[in-house]
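Understanding the architecture of this molecule
This is what each chain is made of:
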Amino acid sequence: MSEAANFIKLCAVGDVSQDLPFRAQLEGTDLAVFQIDDAYYVTQDLCTHGPGSLCEGYVDGDEIECPFHQGKFNIITGKPTAAPCTEALKIWNVMVKDNKIMIDPASGHVATP
Amino acid sequence: MSQPVSTLPLCEARVAALVAGVVVIGAGQAGGRAVETLRAQGFSGAITLIGDEPDPPYERPSLSKEMLHVTDQETIAWVQKPEFYAANKIDFRPGTRVAAINRGQHSVTLEGGDEIKYGALIIATGARVRHLNLPGASLQNSHYIRTLADSRALRQRLVAGSRVVVIGAGFIGLEAAAAAVTRGCAVSVIEIGSQPLGRVVPAQVGAYYEALHASHGVKFYFNTSLARFHQRDETVIVETGTGDMIPAETVIVGIGVIPNAELAGNAGLPVERGIIVDEYGCTADKFIFAVGDVAYHFNPLFDRHILLESWQNAQNQAITIAKNLTSLAGAVPYAELPWFWSDQYDVNLQMFGLAEPEADCIIRGNPKTKSWILFQLKSNRMICAIGMNAARDLRPARDLITMGAVLKSEELADISVPMAEILRREKRERALVG
Ligand SMILES: Cc1cc2nc3c(=O)[nH]c(=O)nc-3n(C[C@H](O)[C@H](O)[C@H](O)COP(=O)(O)OP(=O)(O)OC[C@H]3O[C@@H](n4cnc5c(N)ncnc54)[C@H](O)[C@@H]3O)c2cc1C
Ligand code: FES
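Below is a summary of the structure that appears in this document.

**What to know about the pairing of strand 7 (residues 107-110) of chain B**
Residues and elements named next belong to chain B. Going residue by residue along strand 7, you find Ser107 and Thr109 tucked away on one face and Val108 and Leu110 tucked away on the opposite face as well. Where strand 6 (residues 98-102) and strand 7 come together, four bridges link them in antiparallel fashion. Within strand 7, the residue paired with Val98 across the bridge is Leu110. Between strand 6 and strand 7, which pair antiparallel and follow one another directly, the connecting turn spans four residues, one of which, His106, has a positive phi of 55°. With three bridges joining them, strand 7 and strand 8 (residues 115-117) adopt antiparallel strand pairing. Counterpart to Thr109 in the pairing with strand 8 is Glu115.

**A word on the nonpolar core**
All names here are of chain B. Judged by nonpolar contacts, the single largest core of 56 residues is most densely connected at Ile101, Val108, Leu121 and Phe289. For this core, the leading source of residues is helix 9 (residues 311-326), giving five residues. In this view, Phe289 contacts Leu10, Ala13, Ala120, Leu121, Ile122, Ile123, Tyr280, Gly281, Cys282, Thr283, Ile321 and Leu325; residues no more than four positions away in its chain are not counted. With 44 residues, the next largest nonpolar core counts Tyr58, Ile145, Ala179 and Ala359 among its residues.

**Side note on the interface of chain A and chain B**
Each partner contributes residues to the interface: chain A has 17 residues there, and chain B has 22 residues. Regarding the contact of chain A and chain B, the summed buried area is about 1,600 Å², with carbon and sulfur atoms giving 45% of it. A per-residue breakdown of the area chain A buries against chain B is headed by Tyr58, His69 and Gln70 of chain A, which together make up 33% of the total. For Arg395 of chain B, the salt bridge identified is with Glu65 of chain A, shortest N-O distance 2.4 Å. Connecting chain A to chain B are nine residue pairs in polar contact (both at pLDDT 80 or more). Here the residues of the side of chain A that touches chain B sort into eight nonpolar, five polar and four charged.

**Overview of the site of ligand 1**
Residues and elements named next belong to chain B. If you check the shell around ligand 1, you find 34 residues, and the closest are Asp52, Glu53, Arg60, Lys65 and Arg146. Between ligand 1 and the protein, one listed contact pairs an oxygen atom with a side-chain N or O atom of Asp293 at 2.7 Å. Sorting the residues of the shell around ligand 1 by element identifies helix 2 (29-40), helix 9 and strand 24 (339-344) as the ones contributing at least two each. When its residues are assigned to classes, the shell around ligand 1 shows 15 nonpolar, 11 polar and eight charged. Taken domain by domain, the shell around ligand 1 gets at least three of its residues from each of domain 1 (8-128 + 257-324) and domain 2 (131-253).

**What about the side chain of Arg364 of chain B?**
Residues and elements named next belong to chain B. Assignment of secondary structure puts Arg364 in strand 26 (residues 360-365). A distance of 2.8 Å separates a polar atom in the side chain of Arg364 from a polar atom in the side chain of Asp393. Polar side-chain contacts of Arg364 include one of 2.7 Å to the backbone oxygen of Val417. Setting aside residues no more than four positions away along its own chain, Arg364 makes contact with Trp372, Ile373, Phe375, Asp393, Glu411, Leu412, Ala413, Asp414, Ile415, Val417, Pro418 and Met419.

**Re the packing of helix 10 (residues 391-403) of chain B against helix 12 (residues 419-433) of chain B**
Residues and elements named next belong to chain B. Their axes nearest at 8 Å, the elements helix 10 and helix 12 cross at an angle of 30°. Between helix 10 and helix 12, the angle falls in the class roughly parallel. The handedness of the crossing between helix 10 and helix 12 comes out as left-handed. Here helix 10 contributes Asp393, Pro396, Asp399, Leu400 and Met403 to the contact with helix 12, which in turn contributes Met419, Ala420, Ile422, Leu423, Glu426, Lys427 and Arg430.

**Remarks on the pairing of strand 20 (residues 274-277) of chain B**
Residue and element names in this part refer to chain B. Bridge count between strand 19 (residues 271-272) and strand 20: two bridges; the pairing is antiparallel. From the neighbouring strand, Val271 faces strand 20, where its bridge partner is Ile275. From the end of strand 19 to the start of strand 20, which pair antiparallel, there are one residue, and Arg273 there has a positive phi angle of about 65°. The sheet contact formed by strand 20 and strand 22 (residues 295-299) spans three bridges and is parallel. Considered in strand 22, the bridge of Ile276 is made with Tyr296.

**Points about empty space enclosed by the protein**
With the rule as written, the count across this model stands at two cavities of 30 Å³ or more. What the largest cavity holds in volume is close to 60 Å³. For the largest cavity, the full set of lining residues is Glu56, Gly57, Tyr58, Glu65, Cys66, Pro67 and Gln70 of chain A together with Gln350, Phe352, Ala391, Arg392 and Arg395 of chain B. Listed by contribution, the elements that provide at least two residues to the lining of the largest cavity are strand 25 (347-353) and helix 10 of chain B. Among the residues making up the lining of the largest cavity, the classes are represented as five nonpolar, three polar and four charged. The computed volume of the second largest cavity comes to approximately 40 Å³. For the second largest cavity, the full set of lining residues is Cys47, His49, Gly50, Pro51, Gly52, Cys66, Phe68, His69, Gly71 and Cys85 of chain A. Looking at side-chain class alone, the lining of the second largest cavity contains five nonpolar, five polar and no charged residues.

Cut-offs applied
- Residues numbered from 1 in each chain as written.
- Chains lettered and ligands numbered in written order.
- Predicted model: local features only at pLDDT ≥ 70, side-chain atom pairs only at ≥ 80, totals over all residues.
- Heavy atoms only, no water.
- Buried < 20%, exposed > 50% of the residue type's maximum accessible area, 1.4 Å probe, protein only.
- Helix = DSSP H or I, 4+ residues; strand = E, 2+ residues; numbered from the N terminus.
- Pairing = 2+ DSSP bridges.
- Core = buried A, V, L, I, M, F, W, Y, C linked by side-chain atoms within 4.5 Å.
- Contact = heavy atoms within 4.5 Å.
- Buried area = accessible area lost by both parts, 1.4 Å probe.
- Salt bridge = Lys/Arg side-chain N within 4 Å of Asp/Glu carboxyl O.
- Polar contact = N/O pair within 3.5 Å; in protein donor to acceptor, adjacent residues only side chain to side chain.
- Nonpolar A, V, L, I, M, F, W, Y, C, P; charged D, E, K, R; others polar.
- Near = heavy atom within 4 Å.
- Domains from an automatic or database assignment.
- Axes fitted to C-alpha atoms, helices over the stretch in contact; angles between N-to-C directions.
- Parallel < 35°, antiparallel > 145°, perpendicular 65-115°, else oblique.
- Left-handed = near helix turned anticlockwise from the far one by under 90°.
- 1 Å grid on protein atoms, 1.4 Å probe; cavity = no way out; pocket = protein on both sides within 12 Å on 5 of 7 lines; lining within 4 Å.
- Points joined across faces, edges and corners; volume = space filled by probe spheres on them.

The values reported here are purely geometric and, on their own, carry no functional implication.
And the structure:
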């Protein structure tokens, strides 16, 4: 991973908690910022099944449950873990610096099944 | 979740499935989830999926929601992409009806006369709409919403300025009413009961939906029966029992569904509205299972049989039963708390559990706003939770209900105490005690 040059700020560490993910924006797309223990993760906010916003969802361990139909994804890998979701979420590499949560926009990728 | 238990009858069905294959009747949501799960579990036997609709399995909820709001774009939630079935060696037969189940021969007869053998049979035939039995009403002048074809036909008719009458203020009727009024139609809803959603939710929630629809211009006729339809050229005039004449270009009927249980009944399997099955989805015949809208199933959480017409039940019951059919680890009973949702205008309703008329109702938040929750308690234990635009705060209620937690109504009503916090505390206390 290259240094901070490519990383852009999404939010402050204090904007996110375990229960309450934060909705950030990247070039007009909504992203979801999650905290699991001391680590932070970023996925696309829009569920791959329908219109559910994952930031509004229910965090259960390292899974996010969509508020719409309770499909689930692994927050770390983006992979679907419960029906009706069958397609993985896009995820980004995260860096935390000076209490800022940052991602490398170019690192966005979808895990292969 | 309960521990898997080994049940001998299921072992026999498992072996038979491997040897002679699984046949699934009905390619709806439950049928689709069943075959998908069999393959996901590594089941290597033959799978035949037989459905009388022309399309591969899809989810129905959008048919009365997103699909009706526009005409230039289709929102179809396929259970799996159409190419999935062939790619996974599933013999999918669309446009094909099963005419009979021959239990003695372990086979089904198709409408054309062909016979297909099964080792294990899963009946996922769902339900069909109940038709109006009324002078003047016909399939030409009444729209029902169950299939993609129904929804496609109806949405073409919801043109701005036209008049729409909705018969029945249940969830599907109200969702259609919301779509029609949003598209600029003049909408009247005729309901035999005294308020919307009367059979499934407490009065406070019904009243909320009445006000919501009224604020968008929907006109309600409650406690109103129907006398007949009169056809005047392109217009239907709906005559009510009290003599009102309500003209409409389009009539939408949503008065409930009838489980497609006749195949099972004709094969001598016990039916009580739906096909009677145990918590493993098994009928009286150990090689035949039923799932989804057609299954009158035993739910251990309620200690009785229930029939659900819901998306969650179709999906999760099918998944559980298909897993049991393939898993060597033993069988897990299907014991889920019912969950349901509805989208009308900008309000998303979600409901956990089944409402009961005599339970205590506690309101969290303000029903005059777009976001609030109603809890139902019995002997201080939560049995049902209904949230309007409150998905996250509502979600802990699911666990609080299944845990049987004893709760204080003042705390539940206090929006400054997050529901997640109440759940965490209850879990902690249990961990200490346990
Ligand atoms: C318009 C609409 C909106 C809905 N909205 C919601 C919602 O918001 N939330 C919610 O929880 N639930 C909702 N539901 C309910 C949910 O869609 C159903 O509970 C679910 O579809 C049931 O799935 P199923 O597979 O059991 O039955 P179905 O989806 O009915 O599938 C059964 C299939 O079997 C076929 N079949 C029947 N007999 C035969 C035969 N002899 N041979 C071959 N094929 C046969 C049928 O044609 C059908 O294709 C909605 C339903 C409708 C119609
Ligand atoms: S929109 Fe997320 S599970 Fe359906």
